[in-house]
Amino acid sequence: MNVLVIDDEAAVRQIVADMVRQAGYAVDTAAGDVWTCTVTPTDGTDAGTAGTASTTVGAAEGASKLVRGGIDVALCDIRMPDGDGITLLRNCRDSGLDTVFVMVTAFGSMETAVEALRAGAHDFVSKPVNREELVHRLAQIEAMRGLREENRVLRKSVGGPGANRFTFASAA
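Within each chain, residue numbers correspond to sequence positions counted from 1 in written order. A pLDDT threshold of at least 70 governs which residues receive local features in this predicted model, and a stricter bar of 80 or more applies before side-chain atom pairs are shown or counted, although totals over entire chains, interfaces and linings include all residues. Note that water and hydrogens are dropped before the side-chain values are worked out from all heavy atoms of the structure.

1. With respect to the nonpolar core
One broad rule of soluble globular proteins: the nonpolar side chains tend to lie buried together. For our purposes a nonpolar core is just a set of buried Ala, Val, Leu, Ile, Met, Phe, Trp, Tyr and Cys residues, chained together by side-chain atoms within 4.5 Å. A simple rule labels every residue: compare its accessible area, found with a 1.4 Å probe on the protein chains alone, to the largest value its type can have, and call it buried under 20%, exposed over 50%, or partly exposed in between. Among the nonpolar cores identified, the biggest contains 21 residues, and Ile6, Leu66, Cys76, Leu88, Phe101 and Met103 are the most heavily contacted of them. Think of it this way: any DSSP run of H or I at least four residues long counts as a helix, any run of E at least two long counts as a strand, and we number them from the N terminus. Of all the elements in the fold, those that place two or more residues in this core are strand S1 (2-6), helix H2 (60-68), strand S5 (73-77), helix H3 (85-94), strand S8 (100-105) and helix H4 (110-119). A per-element tally of this core places H3 first, with four residues. Two residues qualify as a contact provided that any one of their heavy atoms is within 4.5 Å of a heavy atom in the partner residue. Those residues within four positions of Leu66 in sequence are excluded, and the remaining contacts are Leu4, Ile6, Ile71, Ala74, Leu88, Cys92, Leu97, Thr99 and Phe101. Counting 18 residues, the second largest nonpolar core, distinct from the first, contains Val16, Val73, Val102 and Val125.

Have a look at this one:
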């Protein structure tokens, strides 16, 4: 399982990455900063008009690595300079990425946890990250992903949902 640790604090990023690596998972890291994408019309209209749009997403390096694919789990800080992990999570969900997000924060509150879960996070952990808790959550995610894959293979082997694999005829 491939895990991406996204955090603006280098020390936290390294400590969490080491925990993940020691648990036997492949790990990569990304710093949290700002990524701005400006869309400018190519039809000759003035770029200063309503045809220009900008979007700011926190954790530019993390967003870049997530878009490339191959990341199963993102351990993502919520509060980063000029951005936040929940916005990154929402943008990933909107773009169809199926990476599992576990949100990490030093500023844990019930409201923040609920917001993260409503945005599509799988789980929420507080800093300082407890090694046993993190490893347990990663193991749960790995088991869930294994069950989903097994389910997909079994559905495919029986022809998928709603498939007419058997034909019945009435004697009447």
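2. Section: the packing of helix H1 (residues 10-22) against helix H5 (residues 131-157)
Where H1 contacts H5, the two axes come as close as 10 Å, and the packing angle between them is 55°. The angle between H1 and H5 falls in the class oblique. When the axes of H1 and H5 are compared, the crossing they make is right-handed. Contacts between H1 and H5 pair Val16, Met19, Val20 and Gln22 from the former with Arg131, Leu134 and Leu138 from the latter. In this description, a line fitted to the C-alpha atoms serves as the axis of each element, helices being fitted only across the stretch in contact, and the angle between N-to-C directions of two axes falls anywhere from 0 to 180 degrees. With respect to orientation, any angle under 35 degrees is reported as roughly parallel, any angle over 145 as roughly antiparallel, any angle of 65 to 115 as roughly perpendicular, and every other angle as oblique. Helix crossings get a hand from a simple test, with the near helix turned counterclockwise from the far one by less than a right angle marking a left-handed crossing and a clockwise turn marking a right-handed one.

3. Some points on the confidence of the model for the protein chain
What pLDDT expresses is the predictor's confidence in each residue, scored from 0 to 100. Model confidence for the protein chain is summarised by a mean pLDDT of 82, while 77% of its residues fall at 70 or above. Low pLDDT, under 50, characterises residues 34-41; the stretch is placed with 24 contacts to residues that sit more than four places away or in other chains.

4. Concerning H3
Considered for burial, the residues of H3 that qualify are Gly85, Ile86, Leu88, Leu89 and Cys92. All buried residues of H3 fall inside an arc of 160° around its axis, so they share one side. The first or second residue beyond H3 is Gly96, which carries a positive phi of 90°. Regarding the arc, it is the one traced by the directions from the helix axis to the C-beta atoms.

5. Section: the pattern of salt bridges
Note that side chains of opposite charge can pair when their charged atoms are close. For salt bridges, the criterion is a side-chain nitrogen of Lys or Arg within 4 Å of an Asp or Glu carboxyl oxygen. Counted by the stated rule, this structure contains eleven salt bridges. Counted as one network, the salt bridges with shared partners bring together Asp7, Glu9, Asp77 and Lys127.

6. Examining the pairing of S8
Extensive coverage of S8 is indicated by the burial of six of its six residues. Residue alternation in S8 divides its side chains into two sets, Val100, Val102 and Val104 and Phe101, Met103 and Thr105, and both sets are buried. Where S5 and S8 come together, five bridges link them in parallel fashion. Counted as the bridge partner of Val73 is Val100 from S8. Here the rule is simple: two strands pair whenever DSSP picks up at least two bridges between them. Pairing of S8 with strand S9 (residues 123-126) involves four bridges; the strand directions are parallel. The residue bridging Val104 from the neighbouring strand is Val125, located in S9. By definition, the crossover connecting two strands over a helix is right-handed if that path, from the first strand to the second, turns clockwise as seen with the strands pointing away from the viewer. Since S8 and S9 lie parallel, the crossover through H4 that links them has a hand, and here it is right-handed.

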